Amino acid sequence: MSYKAFPLLAVSLLLSGIIAAQNMTIEGVKRPWSISYNPIMQSGEVVGYYFLHEIKKEGKKYTYKLKIYDSELQPLGENDVVTTGALRLREGVFDGRRLMFRFYNSTRREVEYMFFTPQGELLSKHARAIPNYIYRGEFTNSAEGFYTLFDVPGGGFVVYERIQNRQAGYTVERFDSEGTTLWEYISPMNSEMDEVARFFNVEEQMLLSFLSTTSWETDRKERYFIHALHIETGEQLFEVEIKNEDYDMTLFTCQYDEVNKDILVFGEYYSRGEDDSNSLSDGIFAARVNLYGEMSDEKYISWENEVSEFLPVLEGGKQKGEGYTWFHQIIKAEDGRYFAIGERYKRVVKGGSIALLALDLAEIVLTGESSGVSTNGPVTKTVVKDIVIYEFSPEFELENIKVIPQEPIGVTFADNGSVPIRALGLHLSNRKIFGYRHTQQAIGGDNFAMIFMKKKPMQNPREFTLFRQQQDGNYWKYHPLLRTSNQVSHRKIHPAKPGYVMVSAFQKRKNQIIARLEKIEE
């Protein structure tokens, strides 16, 4: 559904066909959190924005202001949220009828769900204690980008949570538009595998998830599955492994193809039987999985043969003098071609003994996060640099590889250089050391824009970069400023309606949140 479906209380002023300035300011902000203002999503599209900030505290009673805006940054409504505990707003989505917000009450250690009209009227809410088997880091970690709340086309919501018991697992809970729980699916508690599930689509009464499993007690090998539940009953329909008789595989990404009504999977492949956590891959692959769980149209592109025609590569896809490529996303263009967007990274091992961030491989694979523990020992400096774009035909034939040079960013970890290169890439991705933030369609639908925000760790970014793919195949870029004042924090780049990104920041001295829509244009 288009973003225009979100109800409007205020219509943008039109003068001579020009939309009025699309910016806004929220006054009287006592304390914001970077995770507490984000887009409101519907079927993967931005339909509006929410902003939550604390306005007062009286004893154990907290009062927050929730403001809701449409995709043009015009106000829709607001409400005071009063609770006995410190709230952190995690996510918000719209199902066409109701807004659902997911909070974490850090004082009471509860998860709270609240349901609003698009105008901000509170309809219902309920809270529950977080069971001991639920992984609490999902609520307490301030990192963004790990989404767990999604709308169901036609009405309702689903929520993903992670289990941390003897083995890691997951739960899926289904709500209707009024906030009533319809069913809950819990992965087997006695599984011998650690399982992590992520939502990617609802289609033909199926809730489709991307499932990765790891067994640390045996071969430490990751395996990947497409998992389907019936959206009305929660019954498991199928679980198909992404595999081949000749190769083992690891996945970077998967996405639903609305045209072909199937799932595109993309990753790397390895010689059958090798330990892919430590081995170097033979190349990249793509395949399709239909809604019966059957895999077809497998395409294998080797580093040695196809890729080396465009880039000088060594074993495992290493580019001479440049390192490896970590792929973030696959984009399908209007003409049916595909674009795989990645960034180069390489490791330089240094000696010495210094207290630095520990890279805990087991923890990041299971939870997608790092503990941040300090340690003494050998250190590794990793450099993140150029953007690399692989361009494919509709049949997934490799047609070209383009490199967009970028200023390198260095980060140092405690590591003796033995951590597998792909695990290191996963760590950099989860900690947002890579510059990539998101990709969105430009106006007209015939090209796309990539948003990057490269920054050194612990630094507040002052600008971001927009790369727009054009009709002639080139990539135009520019660098809009965020805010230059030292009084500005929480600078963020959000997804927005087609042709725009939304830029926001918190000004401490003025107690303001300021935001604007930045047009993606030449």
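Residues numbered from 1 in each chain as written. Predicted model: local features only at pLDDT ≥ 70, side-chain atom pairs only at ≥ 80, totals over all residues. Heavy atoms only, no water.

Draft legend 1. Fine view of the overall build of the protein chain. A count of helices and strands for the protein chain gives three helices and 37 strands. Of all intrachain contacts in the protein chain linking residues separated by at least 6 positions in sequence, the fraction that spans at least 24 positions is 53%. Of the roughly 22300 Å² of accessible surface on the protein chain, a fraction of 46% belongs to carbon and sulfur atoms. (Helix = DSSP H or I, 4+ residues; strand = E, 2+ residues; numbered from the N terminus. Contact = heavy atoms within 4.5 Å. Areas by Shrake-Rupley, 256 points an atom, 1.4 Å probe, with all protein chains shown as cover.)

Draft legend 2. The arrangement of the nonpolar core in detail. Among the nonpolar cores identified, the biggest contains 31 residues, and Phe266, Tyr390, Phe392 and Phe396 are the most heavily contacted of them. Looking at this core, the elements that each hand over two or more residues are strand S21 (262-271), strand S22 (283-289), strand S24 (324-332), strand S25 (338-350), strand S28 (379-392), strand S29 (398-404) and helix H3 (421-430). The residues contacting Phe266, other than those within four sequence positions of it, are Leu251, Phe252, Thr253, Ile284, Phe285, Ala286, Phe327, Ile330, Ala340, Phe392 and Phe396. Counting residues in hydrophobic clusters, the runner-up holds 22 residues, among them Phe238, Met249, Tyr256 and Tyr300. (Core = buried A, V, L, I, M, F, W, Y, C linked by side-chain atoms within 4.5 Å. Buried < 20%, exposed > 50% of the residue type's maximum accessible area, 1.4 Å probe, protein only.)

Draft legend 3. Structural context of the confidence of the model for the protein chain. Across the protein chain, pLDDT averages 76, with 73% of residues at or above 70. Within the protein chain, strand S15 (residues 181-186) carries the highest mean pLDDT (93), whereas strand S1 (residues 14-15) carries the lowest (26). For residues 8-21, every residue scores under 50 in pLDDT, and the model assigns this stretch 17 contacts once sequence neighbours within four places are set aside. Considering only residues more than four positions removed or in separate chains, one finds that residues 351-375, a stretch of pLDDT under 50, has 71 contacts. (pLDDT = per-residue confidence, 0-100.)

Draft legend 4. Examining unusual backbone geometry more closely. Located in the positive-phi region is Ser43, a residue other than glycine, with phi close to 50°. Phi at Glu204 takes a positive value of approximately 50°, unusual for a residue other than glycine. By the secondary structure assignment, Glu204 is in the loop between strand S16 (194-203) and strand S17 (206-214). Note on Glu204: relative accessible area 55%, which makes it exposed.

Draft legend 5. Looking closely at the side chain of Thr325. Along the polypeptide, Thr325 turns up in strand S24. The buried category is assigned to Thr325, whose relative accessible area is 8%. Within the local environment of Thr325, its side chain forms a polar contact with the side chain of Gln319, the two groups lying 2.9 Å apart. Discounting chain neighbours no more than four positions away, the residues touching Thr325 are Phe252, Gln319, Gly342, Glu343, Arg344, Tyr345 and Val388. (Polar contact = N/O pair within 3.5 Å; in protein donor to acceptor, adjacent residues only side chain to side chain.)

Draft legend 6. View of empty space enclosed by the protein. Applying the stated criterion across every chain, the model contains six cavities of 30 Å³ or more. The volume enclosed by the largest cavity comes to roughly 140 Å³. Lining of the largest cavity is provided by 18 residues; of these, Glu268, Ser281, Gly316, Tyr324 and Ile421 occupy positions nearest its centre. Of all elements in the fold, only S21, S24 and H3 reach the threshold of two or more residues within the lining of the largest cavity. For the lining of the largest cavity, the element with the most residues is S24, which contributes three residues. Considered class by class, the residues forming the lining of the largest cavity number nine nonpolar, six polar and three charged. (1 Å grid on protein atoms, 1.4 Å probe; cavity = no way out; pocket = protein on both sides within 12 Å on 5 of 7 lines; lining within 4 Å. Points joined across faces, edges and corners; volume = space filled by probe spheres on them. Nonpolar A, V, L, I, M, F, W, Y, C, P; charged D, E, K, R; others polar.)

Draft legend 7. Main features of the pairing of strand S11 (residues 122-129). As paired elements, strand S10 (residues 110-116) and S11 share seven bridges and run antiparallel to each other. Its bridge partner lying in S11, Val111 is registered against Arg128. (Pairing = 2+ DSSP bridges.)

Draft legend 8. Focus on the sheet that holds S17. An order of S16-S17-S18-S19 is seen for the four strands of this open sheet, with the pairing classed as antiparallel. Whereas interior strands pair on both sides, the edge strands pair on one side only; in this sheet they are S16 and strand S19 (236-241). Ignoring strand direction, the axes of neighbouring strands in this sheet form an average angle of 20°. Where S17 and strand S18 (residues 222-230) come together, nine bridges link them in antiparallel fashion. Looking at the pairing, Thr214 lines up with Glu222 of S18. (Axes fitted to C-alpha atoms, helices over the stretch in contact; angles between N-to-C directions.)

Draft legend 9. The arrangement of the sheet that holds S21 in detail. If you trace the four strands from one edge of the open sheet to the other, you get S20-S21-S22-S23, paired in antiparallel fashion. Both edges of this open sheet fall to strand S20 (247-257) and strand S23 (295-302), since each of them pairs with a single strand only. Here the strands of the sheet are splayed against their neighbours by 20° on average, with no regard to which way each runs.

Draft legend 10. Geometry of the environment of Leu264. For Leu264, the location among the structural elements is in strand S21. Residues Leu264 and Val289 lie 25 residues apart in sequence; the distance between their C-alpha atoms is 6.6 Å.

Draft legend 11. Structural context of the environment of Asp176. Residue placement: Asp176 occurs in the loop between strand S14 (168-175) and S15. Each C-alpha atom of the pair Asp176 and Val152 lies 8.9 Å from the other, and the pair is 24 residues apart in sequence. Beyond its immediate chain neighbours, meaning those up to four positions away, Asp176 contacts Phe115, Gly156, Phe157 and Leu182. Side-chain polar atoms of Asp176 contact the backbone nitrogen of Glu178, separated by 2.9 Å.

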